[in-house]
Structures are given as structure tokens and as C-alpha cells.
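Working through the structure, step by step
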Amino acid sequence: MPDSPTELGGLKVGAEDFLAAVLQAAAQPIWVVDPDGLIRFANPAAIAALGYDTPDELFGRHSHETIHYKRPDGSPYPAAECPMLLPRTTGETVTSELDWFFRRDGSMFPVSYVSVALDMPDGRGAVVAFTDIETRLRAEQVLRERQAILAEEQASLRRVAALVAGGAAAADVFATVAKEVAQVLDVPLVELSRFDADGAMTVIGEWADRPHPFQAGTRWPLDGPTLSARISSTGQPTRIDDFADVGGTIAAAVRSTGVRSAAGAPIIVDGDVWGMMATASLADARLPDGIENRLADFTALVATAITNTQAREDLRRLADEQAALRRVATLVAEGATPADVFAAVAREIARVLNLPLVEMCRYEANGTATVVGASGEHPFQTGTNWTLDGPSLTAMVRRTGRPARVGDYASVAGAIGDAARRGGVHAGVGAPIVVDGELWGVVSAGADHREPVPADAERRLSEFTGLVATAISNTQAREEVRRLAEQEAALRRLATLVAEGADSRLVFDAVCEETGRLLGASSVNLAHFTADGFNVTMAGWSLRGVHVPTGSRLPLEGDAINTLVRDTAAPGRFDSYEAARGELARVLRQLGIRSEVGAPVVVEGRVWGALIAGTDEEEPLPVGAENRLAGFAELVATAISNATARAELVASRARIVEAADEQRRRVVRDLHDGAQQRLVQAVMTLQRAQAETELPPDVEALVRDGLMLTRSAIDELRELAHGIHPAILTHHGLAAAVDALAERAPLPVDVEIPDDRYPTAVESAAYFVAAEALTNIAKYARASTARVTATRVADDLVLAVEDDGVGGASPAPGSGLAGLVDRLAALDGTLTVDSPPGRGTHIRATIPLPASGPPP
Amino acid sequence: MPVRVLLVDDDAAFRQSAAETLAERGYDVVAAVGTVAAARAAVGRLQPDALLLDVNLPDGNGVALATELSRDPRRPRVLLTSTDSSAVTRRLLERCGATGFVAKADLMAVDLRSYLDQRRDR
């Protein structure tokens, strides 16, 4: 036996008393079993734990039979197998973590016990101390259950998180979340919705174990105090336990599904209530408390997914947009035509903004708009023209010069509105195209679906319009530069012609052709307005033979560009000859010319005529063509001035020569009529005197002398007169005069000159060339024969004198030939002397003949 | 029968002396006129055998008249003359059908018969 308990802290308490007191007070159930297994003692805790009222009910009963007789599964439990009684035989302490006792009422409860051997006078018994562990077990069970739920939830969340992190599409995330939540929370219906800008909500994901109206994609108005409405306005989780009296569309649908109560949590994205997740229970079950908070874990994930997706979406969209802008910018930089740029931009906008109905319009001067580029199936195709009646996008942008949007074409009146409705265009946005500070046109993008156009659509559209404006500006500038360069080159070519003193006709024809090609006209004419009111066509050019024939002479009256230019002395245009009156107009119509532009040719302050460009196509020549024409008309005016000046110069020189010739002819005539006649008479008188018979010899001698002298005088005068101007030239022309020269020449001269008469100045010049040449031949050439020819070559008279003499002649200054050069130059003629030594001489005078032929 | 001669010259003094000379030589000067027009009329009216015709007339050319007369079936013989001895070339002479050209200064010296006397046979 261990130390006596009476030594407990000096207290002199009897061991049995102490033990009894302790056993009495202890909460731990304890009993004692004797060597036969009978219960000899049980403390109040044990009695209570086993469900008995008094110790007598237990004392003397077999322990095993009373409380330990069956296994938990109901099968009998033989005492021999009971470990609790072992210490009686083994003397070893036995502990059990879990066993089952029976109470008085037959119910089982779990215990853990320790059984210790106790020596007794008649053998060994056992002291058993046990603990009811039912509560503990149950607590552990609850904990395990809770942990399991949590683990499930965590796993679920992880799965969803993995989806989100893996960049799954938002729709996938929503659907998955709905399913996971339904499973984890063990609810029959979960749906996720997005709150739209117009106060409705769209279901974006759902899962349910039965059919229901809240399918993904459906839209519901937030009328009535439903879950959605509350969450939308408060941003807090909430629940509704009875939809019986809740009004509104959603509530009605909810009731029809058989839902009894519902709970929901908000999805917060970037601080805004983006949407919500809701779950519901059916008629008989009520959703557990706090479920709306468990939802919150999932909604947070959903919010992240949405944010990610949106971010990704934004990034993708941005990248898309940047790529689209780059493609268009490349086109622009490569100098693509505006038409190509328009088409490309329309396509890109449709794709990037997901607004498939795109058109780009140019505002016309007459208040309409013409489509220059389009994408998608709709009535506003490239080339169509629209009046801006009604509040269409095109009209609004034109009025305000700012972006605009149409929410619903159902209510837009006017031509565009009607066409939009017919074409299925539902809504759209438009942005202005501003080129070089001026409102040039508009880009519109619209949708045929019912979804609202995103709020940033105008802004994104504007990024494209900026590029379009640059393209247009570039193209216009390049076009302008190219046109200017072309024009400069053409003007230079023509100016060179003019400066070189080219023939007027050549210049006129060249101007007509250059102008025509530059302006893209079908025909160009140069018209001269005569003093007596006629329009004479001086030159012309056309692609298809539609120009007024050169030489035409028509009255300068009626409705035509000619009269307009004459009256205004300014560039102008005549846009349609269809109803024009007058013969000019009639001729033009016959030729097929539909419209013309013209610029005046002003010479010495007077409208000499006009340079006119026309087209046989339906579209008149572009605005500004008449001004470009003006540059060329000025060139023509200069050419004419030059030509006139030159002609005048030539004419004045010719007049001088003419006057001199006339004077000479007069002198010769006077000589003839005067002195020469008298001398002839003198001769005849003397001859008659001579004929008289019987003249004294000295008188006869005197008469003879007188005759001789007088004859000499006649000869001298004749030569003088010939030298001044031979009468035969005046009366009978060049051929006869040269014949006369040939007859008097000391060598044989072959004359081949047609009998035609030419203008006096020309005949004189040619005659004197021949006379001088023959004189030189007679004096220096030592030739045996000579030849004089005159031929008409084109518009010139060519007089040639050849001999087979010694050559080496040249028109030295002061010589007769040199003097002739000037006389010829006055007539715009030339003289060439070809006189190689030893090979004879060839003299050639080329004298222009007037186009109208010799004077009568 | 004396040869009947029409005298055509615009110088009155010459008409005078030429008429005297011709008369002295036995010619019958039927008329003396001063223009082409008058000459034409006189030819038509008087039908002379020959003409003494100055080439330089105020209203036309003697050569042209000679050419004209050469087509006349009666064909008077035409002797052209002029103060200017080189007024008519050989070619002109041949073409106009005149019988000859003699400068006024030489008229007295030549034998006029070869020019005036023979009536041209058809």
C-alpha cells in the first residue's frame, strides 16, 4: 500500500473519508468492480452518466452485463472479450480511447475509460474511470464537416481562379462559377447578371437543375423591389425569403419557377456594382443563413475575372485598334488613292468597333453628301448621294461639326432615316472629318443589332477620322502639286514655242492639245472674235473629233461660253448646252459637246477671242478648270501679240520698201512720159530732117551728130530707168522682165519662170536679185551659161540663179547682193549664196508669199 | 491700094509726127487713137489692115490688145512700138501674135512694109 493519504498536507483526515469525499465530488464517473465483475461502488457522476437515479440500481449487478453487453453494431459482446475487466486477471491497467456503454434506457453513448486493477481481500477487482465523449465526438464531427465544406469551397474557388488566370473567356468563367457555386452551396439555381446602363440586367451565366427563364443572354428590367434591384442600388449582399408579394417582372418569373427564397451578392468591378450573383431555393426549403456572404467569395473571383477579361479585352481592342490604325497609316504614307484609303478605313472601323455598317461621306457644296467609302450591307454605298433632311448622323455632324450619335433610327425622319430603317440600321455614331481646318465630311458607323453602341465609340471613331483627314489632305496636296507641275511643264513648253517665234498656228494647235490633256477635256478650241460679230475658230484639238473645225465662222451670239467670255472678259463656265439657244450652241450640241469652260484671250486690252475647253461627258469639267485655262489663254495672247508685232514689223518694212518702189516706178513713168518721149520725138524730127533731100553737107553732118547724141541720150535714159525700175516688170511681170534681162545679157541665159503674177514687192525683190546676179555673172563669173528659175515652194517664191563660172562669190558688205539681203528681210525673205571656188555660183532667194495669193 | 493703118498712141505729139511719116510713106492712116478702148472700137468700125500700137497705153497694155486682135479672124497686122526699146521681149512678141516690135526712135529707120504690108492669110 502507497503512502497513507492521511499525510495530505498535514491534514489528519482518514483515508476512507477522504476517498469517499473525493469520489462523491468528482465529476469523473468512477466505479469499482469486484473480482467477480460485480459493481460494488459507483460515484454519483457515474450513476448520472449512465442514466440511473440511485446507486442501488447499479450495486451488485454485473458490470459488463449492465453497461457493456453489446457491441455498437448490435452484436453480442461476451464478457470474456471485454478489455475493461482484464485488469482483474492481468493486473495491468487498460485504457480505451473509444468504447460504447449503455444507459439505463438502452441508449448507447461513446466513452473513453481507464481500468486499473485493485487488490481486494478476496481477489483483484478493478477501478474504472470513464468519460462520456459523445459531445466531443459530435463537436469533432461538426468540425470535420465544416472543414470538408471549406475544402470543397476552396477547391472550387481554386478551380475558378485557375480558369480566370488561364485567361478563359468571360462567358466560360461565368458558366463555371454558376455550376461550382451551385454544387458547393448545394443549391438548385445560380445565376450571374450584369447591370446595363439602361437600368436593366442581362443574365451572363447560370446553372440550374431544372428549366427556368433566367437563361444566359436574357434581359430583365429592374422593376420591383427584387434582389437585383436592391443589390444594384445598395451594392450589398441581400436576401429575400418570400417572393409572394414582390412586384415586377423578375419577381413574377421567379415565382413561376417555384423559387421560395433567394440570396445574392454584388459583383464589384473597379468600385462599381457591375452585376450580381444570386442563388435560390425552392418551395419547401429556405436558404441557409449567411449564404449571401459565402456567395461573396465567389463574386470577388468573378469580379477579378471580369476585370481581367475587361482588361484583356481592352488590351486586345487597343492592340487591334492600333494595328488597324497602323495599317491605314501605312496606306496613307504609301500614297494610296483616297478611294482605297476610304474603303480600307471603312473595313477597319467595322471590324474594330464591331459596328458592321460603316460609310464615309463627303459634304458637297450643294448641301448634299456623297458616299466615298463604305463597308457592310446597307443602302449607303460608295457613289450614292444623299440630301441632308432630317436629324440623321450626317446632318447633325454637318451642322455641329462635332461627333454625334443616333440611338434609334426608328424615329429619324428624312431620306437617310428612311433608308437606314429599310437597310436594318438600328443605331450608330458619327465623327467629322476635318481637312486643313475645314469640315470635309463624316464617318458613320452603325449596328444592325439591338445592343446599345458603346459609349467610347465616338472617341474611337475619331482616331480613324484623323487619319482619313490626313490621307485626304496628303492626296489633295499631292494632287495639287502634281497638277501644278504638269501645268508648269506644259506652260514652259508652250512659252518656249512662243519665245522661239514659232508659227502662230503651231503655237495655237499646241496650246489646244496641251490644255486639253491637262484639263482632261474632250475638246479645246481657240476662237477669235471678229470686229463684225463673228466667231472664227483658229485652232482646235479633241480626243474624239468633237471640236469645232478650224476655220468655222459662226455668228457670235446666243447661249454659249463664247458670248459669256466676250461679255465678261473673264474666265467662266457653261454647264449645259442642252437648252442653249443660238447657232453656236446648236453646232456644239451636234458635235456632242455638253458643257464648256472658257478663258478670254486679251490682246492690247481687247478681248481678241477665247480659249475654250469642252467635254462630251455628262459631268462638267471640275470647278476651277476655267482658272487653269486662263494661264494658257494668256500664253496665247502673248503669242498673238508677238506675232502681230512681228507681222506689223514686217508689214511696216514691206510698206517702206513698197513706198520706195512706188516712188521709183513713178520716176520711171515720169521719165518715160516726159524726157524719153521728147527725146524720141527729137530723134524722129531729126530723122525727118535727114530724109529731106538736098541738105547742105555741113547741115547734114549736124543732123547726123544730133541724131547720134540724141540716141545716146535715149539709151542712157533707158538704162537709167531700167536700173531704177523696168517698166516691163510692172506691166508684164517677173518672167517677162527676166526674159528682157536675159536678152540683153552677154552670155546665154536659160530662163524658166512661170508667167504668174506675184505681189509687186515680191516681183521687184525677185527681179532685182536676178538683175544683180546676172550683172555679177557678166562681170566676174567668166561663165559660159547661166540659168534663172523661179518656183513656188510651199508658201514661198524661190528665185534661183546659177552659173558655171569660177565661183567664189560672196555678198560683201556694200555690194549689190548685200543690199538685196535687207530688201528681202523686209519681206521676211532670205538670200543664200552658194559659191564654192571653181564650181560656179548658186544664188537662191526665198520670199514668203501671202496665204491669200497675189493681189488682183 | 494703100495699106490702111490704125495708129494707137497716148502721146498726141507722136500721133502727129507718126501720122505724117506714115502718110509720107504711102500709108493710109485711117484713124489715130489714144486708148485701148478706142482702139478696139476703131478696129471694129474701120477694119484697118494694120496697127501701129504703143505698148504703154493709159487704160491697158498694147501687148494684151495685140493678143486679143490675133484671135480676130480679120487679123490686122500689128506693129508694136514703145519709147522704151526693151519694152517687149521676144517671147512676149511671139506669144502676142504681133508682127514685130520697133522702138519709136527706130521707126523712121526701118522698112515698115515687112511689118505692115502683108495682110495675114488665114
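Residues numbered from 1 in each chain as written. Chains lettered and ligands numbered in written order. Predicted model: local features only at pLDDT ≥ 70, side-chain atom pairs only at ≥ 80, totals over all residues.

**Observations regarding the overall build of chain B**
- In terms of regular secondary structure, chain B is built from 6 helices and 7 strands.
- Counting the 122 residues in chain B, one finds 46% classified as buried. (Helix = DSSP H or I, 4+ residues; strand = E, 2+ residues; numbered from the N terminus. Buried ≥ 20, exposed ≤ 12 C-beta atoms within 10 Å, placed from the backbone.)

**Notes on the sheet that holds strand β4 (residues 108-120) of chain A**
Residue and element names in this part refer to chain A.
- The strand order across the open sheet formed by 5 strands is β2-β1-β5-β4-β3, and the pairing between neighbours is antiparallel. Both outer strands of the open sheet, β2 (39-42) and β3 (94-102), are each paired with one neighbouring strand and no more. The mean inter-strand angle of the sheet, taken between neighbouring strand axes irrespective of direction, is 30°.
- The pairing of β3 with β4 spans 7 bridges and is antiparallel. If you follow D99 over to β4, its bridge partner there is V111. (Pairing = 2+ DSSP bridges. Axes fitted to C-alpha atoms, helices over the stretch in contact; angles between N-to-C directions.)

**Some details on helix α8 (residues 249-257) of chain A**
- Here α8 of chain A has its buried residues at I250, A251 and V254 of chain A. Along the long axis of α8 of chain A, the arc covered by the buried residues comes to 95°, so they all point the same way. (Arc of directions from axis to C-beta.)

**Let's talk about the interface of chain B and chain A**
- With 22 residues of chain B in contact, the opposing surface of chain A contributes 22 residues.
- Listed by contribution, the elements that provide at least two residues to the side of chain B that touches chain A are α1 (12-24), α4 (90-96) and α5 (104-107) of chain B.
- Counted by class, the side of chain B that touches chain A contains 9 nonpolar, 8 polar and 5 charged residues. (Contact = placed C-beta atoms within 7 Å. Nonpolar A, V, L, I, M, F, W, Y, C, P; charged D, E, K, R; others polar.)

**Re the pairing of β2 of chain A**
All names here are of chain A.
- Of the pairings in the sheet, the one linking strand β1 (residues 30-33) to β2 comprises 3 bridges and is antiparallel in character. Across the sheet, the residue bridging to V32 is F41, located in β2.
- Linkage of β1 to β2, two consecutive antiparallel strands, is achieved through a turn of 5 residues, within which G37 is found at a positive phi near 85°.

**Regarding the confidence of the model for chain B**
Residues and elements named next belong to chain B.
- Here chain B averages 89 in pLDDT, and 96% of its residues register 70 or above.
- By mean pLDDT, helix α6 (residues 113-116) is the weakest element of chain B at 85, and strand β1 (residues 4-8) is the strongest at 95.
- Scoring of the predicted complex yields 0.42 for pTM and 0.86 for ipTM. (pLDDT = per-residue confidence, 0-100.)

**Focus on the nonpolar core**
- With 84 residues, the main nonpolar core has V738, A766 and A770 of chain A together with V5 of chain B as its most contacted residues.
- At 13 residues, the largest contribution of residues to this core is made by helix α21 (residues 760-781) of chain A.
- When we break this core down by domain, the ones giving at least three residues each are domain 4 (517-725) and domain 5 (732-856) of chain A.
- With residues near it in sequence (within four places) discarded, V738 of chain A still touches V751, I753, Y767, A770 and V788 of chain A.
- One finds V328, V341, V443 and V468 of chain A within the second-largest nonpolar core, a separate group that totals 52 residues. (Core = buried A, V, L, I, M, F, W, Y, C linked by C-beta atoms within 7 Å. Domains from an automatic or database assignment.)

**Focus: the environment of R317 of chain A**
- The residue R317 of chain A is located in helix α9 (residues 291-333) in this model.
- Owing to 17 C-beta atoms within 10 Å, R317 of chain A belongs among the partly exposed residues under this scheme.

**A short note on the packing of helix α14 (residues 504-519) of chain A against helix α17 (residues 625-691) of chain A**
Residue and element names in this part refer to chain A.
- Here α14 crosses α17 at 170°, and the two axes come no closer than 10 Å. Judged by the inter-axis angle, α14 sits roughly antiparallel to α17. Within the contact between the two elements, α14 uses S504, V507, F508, V511, T515 and L519 and α17 uses A625, R628, L629, F632, L635, V636, A639, I640 and A643.
- Its residues placed into classes, the contact of α14 with α17 shows 12 nonpolar, 2 polar and 1 charged. (Parallel < 35°, antiparallel > 145°, perpendicular 65-115°, else oblique.)

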